[in-house]
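A structural walkthrough
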Amino acid sequence: MDGDNQTTVTEFLLLGLSGQSEQEDVLFGVFLGMYLVTIIGNFLIVLAISGDSHLHTPMYFFLANLSCVDICFSSVTTPKMLVNHTVGSKSISYVECMTQIYFFITFLNMDGFLLSVMAYDRYVAICCPLHYTMIMKPRLCILLVAASGVITNLHALLHTLLMVQLTFCFNNTVHHFFCDPYAILKLSCSDTFINDLMVFTVGGLIFLMPFTCIILSYAYILYNVLKLPSAHGIRRARSTCGSHLTVVSLFYGAILGVYMRPSSSYTVQDTVATVIFTVVTSLVNPFIYSLRNQDMKRALRKLISDSRIRKF
């Protein structure tokens, strides 16, 4: 290659969601609003669960952890985009980009693992109700969350360490609003065979483990629900699993739409799907889990009422 093309990249340029300044101004306001609602909504969920002893159960323990992860996940990508727009820059340093990739992979997979743990919790509650408290002990709940955290961090570390071994030459333009690992990988001018192999094998395994757990859990739930003699039992199972199924469908549907089909470049559909699982899912989770849940509504009302009393 030419000497110019061998220049080591020290920063990347994030083109964002739109190349037009007028649209970027509108998108800035939209993303700022969504980010603030995401942080406030998920933080309220955590406060409501921690402050209400009636919600100190496995299901709400996992939900509180999911809200914490959603706060972190949305904070990996959105703030940098908002800061860049404010200062009129599109650049992100090499170190910042690699750091963003690490935490993006970590919290993306942590979301998936927590959703699978919640699916297992619903399976035990519906299919083994008499043994629920004996199976879902606090120690097991903590172990499941801790194991998910260890696995996802090690997985992110593997891909990030492989990424920093690559050489990035002249092209440093990323057609995205954050350092998407796959977009960055395509910019490398060195051999990416090992990276592609690890994405296909280890990455595929990390994706399939929670996804398979969710599918199997709901297959057993459906099988048991269909055997219920009363409509009341079916309605109860639907109300118990409805919120979780909605989030799972939104989250995995968007991921499958982006990463599980061949594409030489990002399309508008890819961008929309990426926004859904990086921003929208974290935004709507508090609403999905609280609007249809009477216990959460009561806990949130209690939290707001207590906060007003403290003011006076």
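Residues numbered from 1 in each chain as written. Predicted model: local features only at pLDDT ≥ 70, side-chain atom pairs only at ≥ 80, totals over all residues. Heavy atoms only, no water.

Condition: UniProt positions are given in the numbering used here, feature names are shortened, and annotations may be inferred rather than shown by experiment.
The name given to the protein in an unreviewed UniProt entry is Olfactory receptor, and the organism recorded there is Zalophus californianus. UniProt, in the comment section headed Sequence similarities (unreviewed entry), describes the protein in these words: "Belongs to the G-protein coupled receptor 1 family."

1. Description of the packing of helix α5 (residues 138-164) against helix α7 (residues 193-226)
The condition is simple: In this analysis an axis means a line fitted to C-alpha atoms, helices contributing only their contacting stretch, and an angle means the value between N-to-C directions, from 0 to 180 degrees. Numbered from the N terminus, helices here are DSSP runs of H or I no shorter than four residues, and strands are runs of E no shorter than two. Oblique is the label for any angle not covered by the other classes, which are roughly parallel (under 35 degrees), roughly antiparallel (over 145) and roughly perpendicular (65 to 115). Two residues form a contact once any of their heavy atoms are found within 4.5 Å. The residue classification treats Ala, Val, Leu, Ile, Met, Phe, Trp, Tyr, Cys and Pro as nonpolar and Asp, Glu, Lys and Arg as charged. All others, Gly included, are polar.
In the contact formed by α5 and α7, the axes pass within 10 Å of each other and the chain directions differ by 170°. Classified by the angle between their axes, α5 and α7 sit roughly antiparallel to one another. Contacts between α5 and α7 involve Ile-151, His-155, Leu-158, His-159, Leu-162 and Met-163 from the former and Ile-194, Asn-195, Met-198, Val-199, Val-202, Gly-203 and Ile-206 from the latter. Broken down by class, the residue content of the contact of α5 with α7 amounts to nine nonpolar, four polar and no charged.

2. Looking at the nonpolar core
Filter applied, for reference: Only buried residues count toward a nonpolar core. Its members are Ala, Val, Leu, Ile, Met, Phe, Trp, Tyr and Cys residues joined through side-chain atoms within 4.5 Å. Between buried and exposed lies partly exposed: a residue is buried under 20% and exposed over 50% of the maximum accessible area for its type, with that area taken using a 1.4 Å probe on protein chains only.
The biggest cluster of nonpolar side chains holds 79 residues, and the ones touching the most others in it are Phe-12, Ile-184 and Phe-277. Counting residues per element, this core draws most heavily on helix α3 (residues 94-127), which supplies 19 residues. Ignoring any residue separated from it by four or fewer positions in sequence, one finds Ile-184 in contact with Phe-12, Cys-97, Met-98, Ile-101, Met-163, Phe-168, Val-174 and Cys-179.

3. Topic: the state of the cysteines
Put simply, the test is: Disulfides are defined as cysteine sulfur pairs within 2.5 Å.
Overall, the coordinates contain two disulfides when judged by the stated rule. Each sulfur of the disulfide joining Cys-169 and Cys-189 lies 1.7 Å from the other. Because the torsion about its S-S bond is 60°, the bridge between Cys-169 and Cys-189 counts as right-handed. Of this pair, Cys-169 sits in the loop between α5 and β3 (173-174) while Cys-189 sits in the loop between α6 (181-187) and α7, and the two are 20 residues apart along the sequence. Cys-189 gets classed as partly exposed once you look at its relative accessible area, which sits at 28%. Taken in sequence order, the bonded cysteines of the protein link in the pattern 1-3, 2-4. Cys-127 takes part in no disulfide bond, and the closest cysteine sulfur to it belongs to Cys-128, at a distance of 6.0 Å.

4. Some points on the confidence of the model for the protein
Note the threshold: pLDDT runs from 0 to 100 and stands for how confident the predictor is about each residue.
Per-chain confidence: the protein averages 87 in pLDDT, with 88% of residues scoring 70 or above. The least confident element of the protein, judged by mean pLDDT, is helix α10 (residues 294-311) at 77; the most confident is α5 at 97.

5. With respect to the packing of aromatic side chains
What counts, and what does not: For Phe, Tyr and Trp, rings pair up if their centres lie within 6.5 Å, where Trp contributes its six-membered ring, and each pair is then called stacked (planes under 30 degrees apart), edge-to-face (over 60) or tilted (otherwise).
Scanning all chains against the criterion turns up 17 aromatic pairs. Look at Phe-73 and Phe-104: their rings are 5.8 Å apart centre to centre, the planes differ by 40°, and that puts the pair in the tilted class. Taken together, the residues Phe-73 in helix α2 (residues 58-87) and Phe-104 in helix α3 connect sequence positions 31 residues apart. You'll find Phe-73 and Phe-104 in the same group, each marked buried. Taking the centre distance of 5.0 Å and the plane angle of 65° together, the rings of Phe-177 and Phe-178 count as edge-to-face. Across this residue pair, the class does not change: Phe-177 and Phe-178 are buried.

6. Description of α5
Count 3.6 residues to each turn of an α-helix, and residues three or four apart come out pointing the same way. Spelled out, the test is: Here the expected length of a helix is defined as 1.5 Å per residue gap, with one fewer gap than residues.
Taking 1.5 Å as the rise per residue, α5 with 27 residues should run 39 Å; its terminal C-alpha atoms sit 39 Å apart, in good agreement. Cys-141, Val-145, Ser-148, Gly-149, Thr-152, His-155, Ala-156, His-159, Thr-160, Leu-162 and Met-163 are the residues of α5 that are buried. Buried-residue contacts for α5 involve α2, α3, α6 and α7.

7. A short note on the sheet that holds strand β2 (residues 91-93)
Basically, it comes down to this: At least two DSSP bridges between two strands are required for those strands to pair.
Across the sheet, which stays open at both edges, the three strands sit in the order β2-β1-β3 with mixed pairing between neighbours. Two strands bound the open sheet, and with one partner strand each, they are β2 and β3.

8. Re the pairing of strand β1 (residues 11-14)
Judged by which residues are buried, β1 turns out to be one-sided: Phe-12 and Leu-14 face inward and are buried, whereas Glu-11 and Leu-13, on the alternate face, are not. Taken together, the three bridges between β1 and β2 define a ladder with antiparallel strand orientation. Bridge assignment links Phe-12 to a residue of β2, and that residue is Ile-92. Sheet analysis places β1 next to β3, joined by two bridges and oriented parallel. Its bridge partner being in β3, Leu-14 is matched across the sheet by Val-174.

9. Re the pattern of salt bridges
Short version of the rule: Salt bridges, as used here, are contacts in which a Lys or Arg side-chain nitrogen is within 4 Å of a carboxyl oxygen on Asp or Glu.
For the structure on display, the rule yields four salt bridges. Lys-80 is paired through a salt bridge with Glu-96; the nearest N and O atoms lie 3.5 Å apart. Here the residue Lys-80 occupies a position in helix α2, and Glu-96 occupies one in helix α3, the gap between them amounting to 16 residues. The class of Glu-96 is partly exposed, set by a relative accessible area of 39%. Note that Arg-122 and Asp-121 form a salt bridge whose closest N and O atoms lie 2.6 Å from each other. A single burial state applies to Arg-122 and to Asp-121, both of which are buried. Overlapping salt bridges bring together Asp-52, Asp-295 and Arg-298 as one network.

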